[in-house]
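# Architecture and fold: a report
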Amino acid sequence: MENQRHDRERQRASRATWTLLLALMVVLAANLLIFRSILDGANSPSEAAEASQGGGEASGQGMAEAASDALVSDGEQQDTAGEQAYDPSADPRSAEFAVDPSRTEWNFDASDTKTVYLTFDDGPSENTAAVLDILDRYGIKATFFVTNINPDYQDMIAECYRRGHTIGMHTYTHDYAQVYASVDAYWEDLRQISEVVEAQIGYVPCFIRFPGGSSNTVSANYTTGIMSELAQEVVAAGYQYYDWDASSGDGATHTADELVEATKADTSYGYDSIVFLSHDGAGKETTVEALPRIIEYFQSEGYTFAPIDRQSRVAHHGISN
Ligand code: ZN
């Protein structure tokens, strides 16, 4: 009897201790949340204000600049505090660029001021760092449609983003037979690259580029009509796909001189806005070599450069499957 009573008291006492501990932890967590929201509140309004300066086209630029500015101050903090890491999900672009089926407005108007949207497919790879350095040297923001072809370079996705470039999703495997085996197979591939990108930048972006572009015919070898179906489905799900207007032809192997000449030939029609395809994948060393000359050529033709954002002109090819 006596022992049972003691046991019951002991149980009651330990239950009371646990309840108290739990209550303490809840209070602590609440305090931490309040503290964090005060910190966030101190940081974000100025970034948001910078990002919202100027509408339309300029807002994308402003956003990239705001991201770079946030970077600089983060870097400075890093020197003093030593452990303040860049938090991509705190970037103002995360709210703007995240996939969102309720946002259905896209810009198909070609009468842009002379703008080149440099886009790089098939990376990241051992060539991505050199591309980033060249873009920095010219103060240019671009767009990277990324893959998981070289998983060792996944962290370069975060690095591209940190340096103010837009991240879009290209494909996880880039294996046409696998990606276009069925509509479901495509979605599975997109889900896989989404996971990789989300781990790097904190969210799934709305920008995608189909392997081979929406006009590819190779997909017909695997599934008839798949591009027509996917083009509708991805947009309905809140994504937008971006094809291209011109390229340096670096999908195949060429010398740097040939890439520069092909760029001039492919853009001789003088469109106001050009979505320009190139590749920063493995083996694309001549793309890196040609890039400064390609940039300077566009500059000499009076173009400026911008990363893709929700206000950029959407380039669509005609669908052939
Ligand atoms: Zn590709």
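Residues numbered from 1 in each chain as written. Predicted model: local features only at pLDDT ≥ 70, side-chain atom pairs only at ≥ 80, totals over all residues.

## Quick notes on the overall build of the chain
Scanning the chain for helices and strands turns up 10 helices and 8 strands. Within the chain, buried positions represent 36% of all 321 residues. Contacts in the chain between residues far apart in sequence, at least 24 positions, make up 78% of those at least 6 positions apart. (Helix = DSSP H or I, 4+ residues; strand = E, 2+ residues; numbered from the N terminus. Buried ≥ 20, exposed ≤ 12 C-beta atoms within 10 Å, placed from the backbone. Contact = placed C-beta atoms within 7 Å.)

## So, the environment of F144
Positionally, F144 belongs in strand β2 (residues 143-147). The class of F144 is buried, set by 29 C-beta atoms lying within 10 Å. Those residues in contact with F144 that sit more than four places away from it in its chain are F120, G123, C160, H165, I167 and G168.

## As for the pairing of β2
Of all 5 residues in β2, 5 are buried; the element is thus mostly enclosed. In β2, alternate side chains face the same way, and those of T143, F145 and T147 on one face and F144 and V146 on the other are all buried. Looking at chain direction, strand β1 (residues 115-121) and β2 are connected through 3 bridges and run parallel. Bridged to D121 within β2 is F145. (Pairing = 2+ DSSP bridges.)

## Focus: the nonpolar core
As a rule of thumb, soluble globular proteins bury nonpolar side chains together. Of all hydrophobic cores here, the largest spans 58 residues; its most connected members are Y117, I157, I167, V197 and F276. With 6 residues, the top contributor of residues to this core is helix α10 (residues 285-300). Setting aside its immediate chain neighbours within four residues, I157 contacts P124, V146, I167, V197, Q200 and I201. (Core = buried A, V, L, I, M, F, W, Y, C linked by C-beta atoms within 7 Å.)

## Examining the pairing of β1
Taken across its 7 residues, β1 has 6 buried, putting it largely inside the fold. Relative to strand β7 (residues 273-279), β1 is paired through 7 bridges, and the arrangement is parallel. Opposite F120, over in β7, you have S278 as the bridge partner. Note that β1 and strand β8 (residues 304-305) share 2 bridges and pair parallel. Following the sheet pairing, T115 is matched in β8 by T304. Since β1 and β2 lie parallel, the crossover through helix α4 (residues 128-138) that links them has a hand, and here it is right-handed. (Right-handed = clockwise from strand over helix to strand, strands pointing away.)

## Things to note about the packing of α4 against helix α5 (residues 155-162)
The relative placement of two packed helices comes down to the angle between their axes together with the axis-to-axis distance. Two elements in contact, α4 and α5, have axes separated by 11 Å at closest approach and are oriented at 5°. One finds that α4 runs roughly parallel with respect to α5. Contact residues: α4 offers T128, A129 and L132, while α5 offers M156, E159 and C160. Broken down by class, the residue content of the contact of α4 with α5 amounts to 4 nonpolar, 1 polar and 1 charged. (Axes fitted to C-alpha atoms, helices over the stretch in contact; angles between N-to-C directions. Parallel < 35°, antiparallel > 145°, perpendicular 65-115°, else oblique. Nonpolar A, V, L, I, M, F, W, Y, C, P; charged D, E, K, R; others polar.)

## Brief notes about the confidence of the model for the chain
The predicted model of the chain has a mean per-residue pLDDT of 83, with 74% of residues at 70 or higher. Every residue in residues 32-62 scores below 50 in pLDDT, and together they form 26 contacts with partners more than four places removed in sequence or on other chains. Taken as a whole, residues 68-82 scores under 50 in pLDDT and shows 10 contacts with residues more than four places along the chain or in a different chain. (pLDDT = per-residue confidence, 0-100.)

## A closer look at helix α8 (residues 226-236)
Of the residues making up α8, those classed as buried are I226, M227, L230 and V234. Axial view of α8: buried residues confined to an arc of 85°, hence all on one face. Among the exposed residues of α8, those oriented more than 90 degrees off its buried face are Q232 and A236. Looking at the buried side of α8, the elements it contacts are α7 (183-201), β4 (207-208) and β5 (240-241). Two residues or fewer after α8 comes G238, characterised by a positive phi angle close to 100°. (Arc of directions from axis to C-beta.)

## Topic: unusual backbone geometry
For the bond from G123 to P124, the omega torsion is -5°, close enough to zero to count as cis. By the secondary structure assignment, P124 is in the loop between β1 and α4. The residue D122 is not glycine, and still its phi comes out positive at about 75°. With respect to the helices, strands and loops of the structure, D122 is situated in the loop between β1 and α4. Its identity is not glycine, yet H174 carries a phi of approximately 60°, on the positive side. Topologically, H174 is positioned in the loop between β3 (166-171) and α6 (176-179).

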